[in-house]
Amino acid sequence: MDVNAAVAAAAAIAGVLTGVIAMLAFRWSEREQKRPTRTSLHTDPVLPPGVDTVLSVLRSSAVVPDEADAVVKASSAAYALGLVRGGKLSVEPMLQMARDTRRDGEIRQVELDLPRRGTGRGEALAVSARVAPLGSRLVLLLVEDLTEARRIEAVRRDFVANVSHELKTPVGALSLLSEAVMDASEDPEAVERFAGRMQIEATRLTNLVQELIDLSRVQNDDPLEDAEPVRVDELVAEAIDRCRHQAGTKQITMAAGGAADLRIWGNRGQLAAALGNLVENAVNYSPARTRVGIAARRVNAPGGDHIEIAVTDQGIGISDKDKERIFERFYRVDPARSRQTGGTGLGLAIVKHVAASHGGEVTVWSSEGQGSTFTLRLPEAGAARDRAHQHPDVDGLDDETEEADPSSPSPQPTASYEPLPSPEVLP
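Just so it is clear, the structure is predicted and the values come from calculations on it, not from any experiment.

**Topic: unusual backbone geometry**
For step 1, the next point in the chain: Residue aspartate 69 is not a glycine yet carries a positive backbone phi of 70°.
For step 2, the next point in the chain: When its relative accessible area of 10% is taken as the criterion, aspartate 69 is described as buried.

**Some points on helix α10 (residues 268-284)**
For step 1, the next point in the chain: Helix length check: α10, at 17 residues, gives a terminal C-alpha distance of 24 Å against a target of 24 Å (1.5 Å per residue), a fit within 8%.
For step 2, the next point in the chain: Burial analysis of α10 places 12 of its 17 residues in the buried class, the great majority of the element.
For step 3, the next point in the chain: All of the buried residues in α10 are Gln270, Leu271, Ala272, Ala274, Leu275, Gly276, Asn277, Leu278, Val279, Ala282, Val283 and Asn284.
For step 4, the next point in the chain: In this structure asparagine 267 caps α10, since a side-chain oxygen of it lies 3.1 Å from the backbone nitrogen of glycine 269.

**Brief notes about the pairing of strand β6 (residues 124-134)**
For step 1, the next point in the chain: Inspection of the sheet shows strand β5 (residues 108-115) paired to β6 by 8 bridges, in the antiparallel sense. If you follow arginine 108 over to β6, its bridge partner there is valine 131.
For step 2, the next point in the chain: Sheet analysis places β6 next to strand β7 (residues 138-145), joined by 8 bridges and oriented antiparallel. Among the inter-strand pairings, serine 128 is bridged to a residue of β7, identified as glutamate 144.

**A word on the packing of helix α8 (residues 232-242) against α10**
Helix-helix packing: each pair is described by the crossing angle between the helix axes and the interaxial distance.
For step 1, the next point in the chain: Where α8 contacts α10, the two axes come as close as 9 Å, and the packing angle between them is 50°. The orientation of α8 relative to α10 falls into the category oblique. Crossing angle aside, the handedness with which α8 passes α10 is right-handed. Of the residues in α10, those in contact with Glu234, Leu235, Val236, Glu238, Ala239 and Arg242 of α8 are Arg268, Leu271, Ala272, Ala273, Leu275, Gly276, Asn277, Val279 and Glu280.
For step 2, the next point in the chain: In the contact of α8 with α10, the residues fall into 8 nonpolar, 2 polar and 5 charged.

**Considerations on the packing of α10 against helix α13 (residues 347-357)**
For step 1, the next point in the chain: Two elements in contact, α10 and α13, have axes whose closest approach is 9 Å; the angle formed by their N-to-C orientations is 140°. If you check the angle between α10 and α13, you find them oblique. Note on packing geometry: the crossing formed by α10 with α13 is left-handed. Taken together, the residues of α13 that come into contact with α10 (itself represented by Gln270, Leu271, Ala274, Asn277, Leu278 and Asn281) are Gly347, Leu348, Ile350, Val351, Val354 and Ser357.

**So, the side chain of glutamate 201**
For step 1, the next point in the chain: Here glutamate 201 shows up in helix α7 (residues 188-220).
For step 2, the next point in the chain: For glutamate 201, a relative accessible area of 8% gives the class buried.
For step 3, the next point in the chain: In this view, glutamate 201 contacts Pro170, Ala173, Leu174 and Leu177; residues no more than four positions away in its chain are not counted.

**Details of the environment of alanine 80**
For step 1, the next point in the chain: Along the polypeptide, alanine 80 turns up in helix α4 (residues 76-80).
For step 2, the next point in the chain: Between the C-alpha atoms of alanine 80 and serine 61, which are 19 residues apart in sequence, the distance is 9.1 Å.

**Regarding the sheet that holds β6**
For step 1, the next point in the chain: Pairing in this open sheet of 5 strands is antiparallel, and the strands run β2-β1-β7-β6-β5 from one edge to the other. A strand with exactly one partner marks an edge of an open sheet, and here the two such strands are β2 (71-74) and β5. Direction aside, neighbouring strands of the sheet carry axes that sit 25° apart on average.
For step 2, the next point in the chain: Running over the sheet, helix α5 (residues 92-104) touches β1 (61-65), β5, β6 and β7 and is turned about 165° from β5.

**Some thoughts on the packing of aromatic side chains**
To describe a pair of aromatic rings, you give the distance between the ring centres and the angle between the ring planes.
For step 1, the next point in the chain: Scanning the model with the defined rule gives 1 aromatic pair in all.
For step 2, the next point in the chain: Positioned above the aromatic ring of phenylalanine 194 is the side chain of arginine 193, whose terminal nitrogen or guanidinium carbon lies 5.1 Å from the ring centre.

**Points about the pattern of salt bridges**
For step 1, the next point in the chain: Evaluation of the coordinates by the stated rule reveals 20 salt bridges.
For step 2, the next point in the chain: We note a salt bridge from arginine 151 to glutamate 148, for which the minimum N-O separation is 2.7 Å. Taken as a pair, arginine 151 and glutamate 148 lie in helix α6 (residues 147-183) at a separation of 3 residues, close to a single helical turn.
For step 3, the next point in the chain: For arginine 151, a relative accessible area of 45% puts it in the partly exposed group.
For step 4, the next point in the chain: Via salt bridges that share partners, Arg231, Asp233, Glu234, Glu238, Asp261, Arg263 and Arg268 belong to a single interconnected network.

**Re α13**
For step 1, the next point in the chain: When we look at burial in α13, the residues that qualify are Gly347, Leu348, Ala349, Ile350, Val351, Val354 and Ala355.
For step 2, the next point in the chain: Immediately downstream of α13, the backbone of glycine 359 shows phi near 75°, a positive value.

**Quick word on the pairing of strand β9 (residues 253-258)**
For step 1, the next point in the chain: Summarising burial for β9: 5 of the 6 residues are buried, a large majority.
For step 2, the next point in the chain: When β9 meets strand β11 (residues 291-299), the two strands line up parallel, connected through 6 bridges. Within the sheet, the bridge partner assigned to alanine 256 lies in β11 and is isoleucine 294.

**Comments concerning the side chain of aspartate 305**
For step 1, the next point in the chain: With respect to the secondary-structure elements, aspartate 305 resides in the loop between β11 and β12 (306-312).
For step 2, the next point in the chain: Buried charge aspartate 305 goes without a salt bridge, the closest partner of opposite sign being arginine 298 at 4.3 Å.
For step 3, the next point in the chain: Of note is the side chain of aspartate 305, whose polar atom sits 2.9 Å from the side chain of asparagine 300.

Rules used throughout
- Residue numbers here run from 1 along each chain, matching the order of that chain's written sequence.
- Totals for whole chains, interfaces and linings use every residue, but because this is a predicted model, local features are given only for residues with pLDDT of at least 70 and side-chain atom pairs only at 80 or more, for both listing and counting.
- Each side-chain value is worked out from all heavy atoms of the structure, with water and hydrogens disregarded.
- The classification of residues rests on relative accessible area computed with a 1.4 Å probe and restricted to protein chains. Under 20% of the type maximum is buried, over 50% is exposed, and intermediate values are partly exposed.
- Only DSSP runs of H or I with at least four residues qualify as helices, and only runs of E with at least two residues qualify as strands; both kinds are numbered from the N terminus onward.
- To estimate how far a helix should reach, multiply one less than its number of residues by 1.5 Å.
- Under the rule applied, a polar contact is a pair of N or O atoms within 3.5 Å (in protein, one hydrogen donor and one hydrogen acceptor; residues adjacent in sequence only if both atoms are side-chain atoms).
- Only strands that DSSP links by at least two bridges are regarded as paired with each other.
- Note on geometry: axes are lines fitted to C-alpha atoms, helical ones only across the stretch in contact, with angles between N-to-C directions running from 0 to 180 degrees.
- Roughly parallel means an angle under 35 degrees; roughly antiparallel means over 145; roughly perpendicular covers 65 to 115; every other angle is labelled oblique.
- Left-handed describes a crossing in which the near helix is turned anticlockwise from the far one by less than a right angle; the clockwise case is right-handed.
- By definition in these notes, contact holds between two residues if any of their heavy atoms fall within 4.5 Å.
- Basically, the charged four are Asp, Glu, Lys and Arg, the nonpolar ten are Ala, Val, Leu, Ile, Met, Phe, Trp, Tyr, Cys and Pro, and anything else, Gly included, counts as polar.
- Aromatic rings from Phe, Tyr and Trp, taking only the six-membered ring of Trp, are treated as a pair when their centres fall within 6.5 Å; an angle between ring planes under 30 degrees marks them as stacked, one over 60 as edge-to-face, and anything in between as tilted.
- Any Lys NZ or Arg CZ that is within 6 Å of a ring centre and within 35 degrees of that ring's normal is treated as a charge sitting over the ring.
- Basic side-chain nitrogens of Lys or Arg form a salt bridge, by our definition, when they fall within 4 Å of a carboxyl oxygen of Asp or Glu.
- Charge convention: Lys and Arg are scored as positive, Asp and Glu as negative, and His as well as the terminal groups of each chain are ignored.

Structure (structure tokens):
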């Protein structure tokens with residue numbers, strides 16, 4: 001009897017405990033349902049109608065944080081710049097701007113330099129950040145990348161400063177020489193000497209202005225608008241004739257060689273200026289009684305055959321540190337020698353722009369004391385038939401080129417340059 005009573009008491013106690021546990025579980029479940037979930041925390045601050053669409057078409061990086069600094073909306077550009085990490089703004093100044101704007105509703109703007117992601121160097125991204133309120137709980141952060149604009153502005157400032165300096169030198173010399181002529185008006189020999197110097201400075205000033213015009217033209221004009229097949233041997237002959245006097249004065253031998261009957265597709269005037277600058281540099285920087293060679297050949301390339309024109313000299317050569325900068329505007333390997341020869345520092349910059357605008361490139365090999373070789377690599381006219389179809393305003397190729405079969409295999413490049421039928425050598 002006592003055993004049955006004990007069992008009944010235990011069963012009653014178990015039933016009571018089960019009821020208590022069930023009631024607690026029910027209360028806990030109700031409380032959990034009322035508690036906001038993590039997902040609801042991020043989706044509760046709904047963007048105003050149309051904002052999502054507007055943000056998707058903005059060029060600026062866009063970020064929308066809520067009152068808890070959690071990012072509700074961010075563009076892919078914002079992630080690329082590293083503005084958002086772990087669902088929050090990762091740039092402390094921008095985060096503080098967002099908090100201040102959320103507090104007082106005032107629009108704020110600031111320019112910052114951010115570390116560039118993925119590089120171990122000290123490079124920085126220049127950005128402009130603007131924060132404005134977006135409703136009562138959200139703020140809108142727009143970030144614009146100013147790095148490229150600042151770089152272009154720096155290039156422009158340097159260019160203006162260099163032009164001002166280069167123009168000031170001959171203008172100042174002309175002013176001083178004119179005063180000297182006036183003071184020496186009764187000395188015919190002095191007047192003649194000063195007048196000769198004035199002519200040199202005037203020529204240097206003229207060359208500088210002309211090269212500035214040429215550089216501006218090749219940067220702004222589309223060479224394919226006036227493209228035509230240009231014979232390489234004619235370009236070489238024109239470049240040699242341009243430097244005939246300087247080469248004769250220094251007793252420099254100029255020789256032309258390479259494969260015959262080659263044609264380049266492009267603007268004749270720009271191509272002649274580019275090759276002429278290379279040959280003129282080779283003559284100016286070569287010692288007396290040396291040799292300058294100009295050779296051309298055809299090479300195979302995936303997009304069609306190209307023509308390589310190499311200009312080789314036995315001059316002073318170029319150091320490794322200067323090779324990276326010789327194509328910059330106004331940069332001179334030897335400033336003193338450049339001014340003695342009348343160089344402006346723009347010749348190689350023009351060559352680089354002409355090569356790039358024609359779909360080619362210019363490269364340099366050099367060793368100090370052993371000379372240099374500049375190679376101009378440009379599309380061949382025969383391989384550019386498709387280019388003409390892509391630009392309807394360009395005149396067709398000449399008769400010889402039209403008769404060529406575009407489907408025929410291109411000649412294989414030779415191991416060395418073949419001589420032209422009648423090479424021109426200047427003593």
